[in-house]
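# Topology and contacts: notes
Residues per chain are reported as follows:
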Amino acid sequence: MLTKREELFGGTPDEYLSHKEKYENSTRKAVILFSLLRKIQEENNTDLTNYRNLLSGVLGASISQDGSPFGLHYIMFMPVFMSQADEEQQERWLHRALNCSIIGSYAQTELGHGTFIRGLETTATYDPSTQEFVLHSPTLTSYKWWPGGLGNTANYCIVIAQLYSKGECHGIHSFIVQVRDEDTHMPLPGIKVGEIGVKMGLNAVNNGFIGFENVRIPRTNMLMKHAKILEDGTYVKSKNSKLIYGAMVFVRVVIVFDSVNYLAKAITVATRYSAVRRQSQLKEGEPERQILDYVTQQDKILTAIAGCFAMKMNARMLWDTFNVINDQLHKGNMERLGELHALACCLKAISTSDSSLFTARCRVSCGGHGYMVSSTLPATSALTTASCTYEGDNTVLLLQTARFLLKTWRQIDTGPLTPTVEYLKTVSAPGFSYKWENSIEGIIRGFQIVSMKKISSCLNLMTAKVMSGMSQADAWNTISIQLVSAGESHCRAIVISTFHEDMSKAMRSMSASLAEVMGQLVELYAVYWTLERLGDLLEYTSISGADVVKLRSWYEELLRKIRPNAVGLVDAFDIIDELLQSTLGAYDGRVYERLMEEALKSPLNAEPVNQSFHKYLKPFMQGKL
Ligand SMILES: CCCCCCCC/C=C\C/C=C/C(=O)SCCNC(=O)CCNC(=O)[C@H](O)C(C)(C)COP(=O)(O)OP(=O)(O)OC[C@H]1O[C@@H](n2cnc3c(N)ncnc32)[C@H](O)[C@@H]1OP(=O)(O)O
Ligand SMILES: Cc1cc2nc3c(=O)[nH]c(=O)nc-3n(C[C@H](O)[C@H](O)[C@H](O)COP(=O)(O)OP(=O)(O)OC[C@H]3O[C@@H](n4cnc5c(N)ncnc54)[C@H](O)[C@@H]3O)c2cc1C
């Protein structure tokens, strides 16, 4: 009788399963894992706060690097329900979703549209004579494409469609739609549903497609917490049309935590392997050195560790900010919605692009063995690059942040600013002066000045181009590279200052030795990004060549200081071997034995001579083909 652990983590490695077997195996594992999670849910309430903790359990414990077919049910279907369904609808559906007696997905993206959601083509036309909506996919490009779990798993999904009533289009709204029979799991009439095929990664997420041929759903299947359709077809608009976007903000907040989880796995593997792997002699005649002793290796890995800690603290700040503003939204106060959207956009973009960058560095820092699937670094790399796209392409999200920053800058003199942008007032105040200094505070100030000057420059450029006769849209597109850069600079300034401030607070309750190491991580992160963004700092601050020389020495000194604690820092993530699933990162350091153990599981090692020798090789080598 297999234990739960053996059931979850044993069996043929996924990499040797077919696409179909991989899905079936991940579904088997998901059922085990989510049965356990369901027990947790039964003991706790399900408000968003508790829900995120549950969700981080889902994400953190996702037992396959390939994701889970239930992921979307937890990541989007339920959060959207909690934020957009009215009380009657929650009463009718939420408990069934929570106990997984229905499995949902979230169908927004179409073959033809992902970013520009106002351009979605799926229609939901209200028929007052039957008090139903008619869901229809008018074109191939209107087919929903990507929804996780929709291929073969979900029997319900939330569909985002253009709402039509009394001949008028009211824009995109959310609808709950049953897609499969609850008993037979057969697709319901008028519904064409399937799986989109093999992807670069996340092949257990079961991403699907769905098309509707005049499918009728009751009026009460429109999620009506904000906007409504009355029985006669009268449209009652939402207090704020942007509230429909709320779930995307929540998921972006979760994704920042998720990006930290993925990066923590990758640096645990790369750091432990770099402590085990010995290669080359630093001095003639000496024993081969741990590759972690090479400063170039420290440059790749220790900065990733600092980045992971930095983003973890920023994820917590973002979550706290989300909760504060979400409470205000529930009370009808929309004042900070734009700020929350901008912050969630830039932190999702920066956390996922950093996670992708540093995970790729971890992969190459492990040499050939890092290219083995059994190291799990390739899968984590495929995961982190996907996160730069899903829940909003990073470029598009940074442009959203830039849009908010320009709006803020236009109003800079009209009153107080909201917390995440009030630095703009400080560094642009009359009489404010700043001379570069090589300190954490000096670096933070420098990044804030760069951000402010980029935003100001973008606005001046926009104004000049429009004055010269260019349309607003063309001017925006022309300077969009600089707009993205302004969004990134703003975010980096927030990340460094949050890391410094929150870690300083945390260090007060630490032992002196731990506080010293944490302080070194903050310095390493700040100095690393200073050296990475020297162009901006040279353009907008008084930093000098001499300062840069000292910064480089400071950086190398920090690498030397942190090196002895590298393994301890990643052990602190406490990721069990079963979740790490890595031949290179296992706690016991038996890298070579594990590599060989995994290799022998290859089906190609089942017999000494593969059948292709007799069928192909031998006749070929004997000139008979
Ligand atoms: C357990 C295992 C787990 C394994 C891991 C798997 C995890 C998988 C995770 C998730 C799966 C993925 C799901 C998805 O991808 S769902 C689909 C996500 N799609 C998007 O994010 C689409 C991105 N596009 C947009 O958000 C919008 O189209 C846009 C904002 C980029 C542009 O839209 P547009 O209408 O052109 O906007 P404007 O620029 O004109 O701005 C309009 C106005 O609205 C404000 N606004 C826009 N978005 C929001 C928002 N989300 N919240 C609040 N406000 C928003 C914007 O600020 C403007 O306001 P204004 O300046 O005051 O006018
Ligand atoms: C693994 C994965 C899971 C997903 N899961 C789901 C899901 O469950 N449900 C769901 O609904 N969707 C899902 N998606 C879809 C995802 O939301 C979209 O892929 C994403 O929103 C990007 O849209 P797109 O793919 O159409 O790219 P596009 O928007 O076509 O972007 C392509 C390029 O065009 C650029 N671009 C687009 N618009 C602009 C602009 N205005 N300004 C400047 N540049 C622009 C982008 O920067 C990008 O470089 C998933 C995607 C992935 C990869």
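Residues numbered from 1 in each chain as written. Chains lettered and ligands numbered in written order. Predicted model: local features only at pLDDT ≥ 70, side-chain atom pairs only at ≥ 80, totals over all residues. Heavy atoms only, no water.

## A closer look at the pairing of strand β3 (residues 132-136)
Taking burial as the measure, the five residues of β3 include four buried ones, the bulk of the element. The pairing of strand β2 (residues 123-127) with β3 spans five bridges and is classified as antiparallel. When the sheet's bridge partners are listed, Thr125 is paired in β3 with Val134. The antiparallel hairpin formed by β2 and β3 contains four residues in its connecting segment, where Gln131 sits at a positive phi of about 55°. Inspection of the sheet shows β3 paired to strand β9 (residues 215-218) by four bridges, in the antiparallel sense. Within β9, the residue paired with Val134 across the bridge is Arg216. (Buried < 20%, exposed > 50% of the residue type's maximum accessible area, 1.4 Å probe, protein only. Helix = DSSP H or I, 4+ residues; strand = E, 2+ residues; numbered from the N terminus. Pairing = 2+ DSSP bridges.)

## Points about the UniProt feature "binding site: FAD" (unreviewed entry) in the chain
Following the UniProt record, one finds the feature "binding site: FAD" (unreviewed entry) at Thr109 and Gly148. Of the residues just listed, which span 40 residues, no C-alpha pair is farther apart than 10.8 Å, and they cluster in one region. Along the chain, Thr109 falls in the loop between β1 (104-107) and β2. In this fold, Gly148 is placed in the loop between β4 (144-145) and β5 (156-165). On the basis of relative accessible area, Gly148 is assigned to the buried category, the value being 5%. For Gly148, the contacting residues outside a window of four places in its chain are Leu72, Ser105, Val205, Asn206 and Asn207. (UniProt positions renumbered as here; feature names shortened; annotations may be inferred. Contact = heavy atoms within 4.5 Å.)

## A closer look at the site of ligand 1
As a structural note, the neighbourhood of ligand 1 is formed by 31 residues, with Thr115, Arg118, Arg252, Arg403 and Lys407 the closest of them. Here an oxygen atom of ligand 1 sits 2.6 Å away from a polar atom, N or O, in the side chain of Arg118. A distance of 2.8 Å separates an oxygen atom of ligand 1 from a polar side-chain atom of Gln400. Calculation on ligand 1 without its partners gives an accessible area of 1,300 Å², and the protein chains cover 87% of this total. (Near = heavy atom within 4 Å. Polar contact = N/O pair within 3.5 Å; in protein donor to acceptor, adjacent residues only side chain to side chain. Areas by Shrake-Rupley, 256 points an atom, 1.4 Å probe, with all protein chains shown as cover.)

## Considering the environment of Thr220
Mapped onto the fold, Thr220 is located in the loop between β9 and β10 (228-229). A sequence separation of 339 residues divides Thr220 from Leu559, and the C-alpha atoms of the two residues are 60 Å apart. Residue contacts for Thr220: discarding those within four places in its chain leaves Gln89 and Arg92.

## Thoughts on the pattern of salt bridges
Summed over all chains, the structure comprises 22 salt bridges. Close ionic contact of Asp571 with Arg272 constitutes a salt bridge, the shortest N to O distance being 3.0 Å. Of this pair, Asp571 sits in helix α18 (residues 566-571) while Arg272 sits in helix α6 (residues 246-276); the two residues are 299 residues apart in sequence, bridging distant segments of the chain. Among the residues examined, Asp571 registers a relative accessible area of 24% and is labelled partly exposed. When its relative accessible area of 7% is taken as the criterion, Arg272 is described as buried. Among the salt bridges present, the one from Glu598 reaches Lys601, with a minimum N-O distance of 2.7 Å. (Salt bridge = Lys/Arg side-chain N within 4 Å of Asp/Glu carboxyl O.)

## Details of the pairing of β2
Most of β2 sits out of view: four of its five residues are buried. Bridge count between β2 and β5: three bridges; the pairing is parallel. Its bridge partner lying in β5, Thr125 is registered against Tyr164.

## Describing a nonpolar patch on the surface
Taken together, the side chains of Leu617, Phe620, Met621 and Leu625 make up a nonpolar region of the molecular surface, amounting to roughly 500 Å² of accessible area. Within the secondary structure layout, Phe620 lies in helix α21 (residues 611-621). Residue Phe620 is classed as exposed on the basis of its relative accessible area of 56%. (Patch = residues over 30% accessible without salt bridge, like charges linked within 9 Å, V, L, I, M, F, W, Y side chains within 5 Å.)

## Points about the packing of helix α8 (residues 337-365) against helix α10 (residues 394-410)
One can describe the packing of α8 onto α10 by two numbers: an axis separation of 8 Å at closest approach and a directional angle of 145°. The handedness of the crossing between α8 and α10 comes out as left-handed. Of α10, the residues touching α8 (which contributes Gly338, Glu339, His341, Ala342, Cys345, Cys346, Lys348, Ala349, Ile350, Thr352 and Ser353) are Asn394, Leu397, Leu398, Gln400, Thr401 and Phe404. Grouping the constituent residues of the contact of α8 with α10 by class yields eight nonpolar, seven polar and two charged. (Axes fitted to C-alpha atoms, helices over the stretch in contact; angles between N-to-C directions. Left-handed = near helix turned anticlockwise from the far one by under 90°. Nonpolar A, V, L, I, M, F, W, Y, C, P; charged D, E, K, R; others polar.)

## Observations concerning the sheet that holds strand β7 (residues 191-195)
Note on sheets: strands pair through backbone hydrogen bonds, and any given pair is parallel or antiparallel. Taken together, the three strands give an open sheet; going across it, the order is β4-β8-β7, and neighbouring strands pair in antiparallel fashion. Looking at the sheet topology across the chains shown, the edges are occupied by β4 and β7. Direction of pairing for β4 relative to strand β8 (residues 208-212): antiparallel, over a ladder of two bridges. The residue of β8 that forms the bridge with Trp145 is Phe209.

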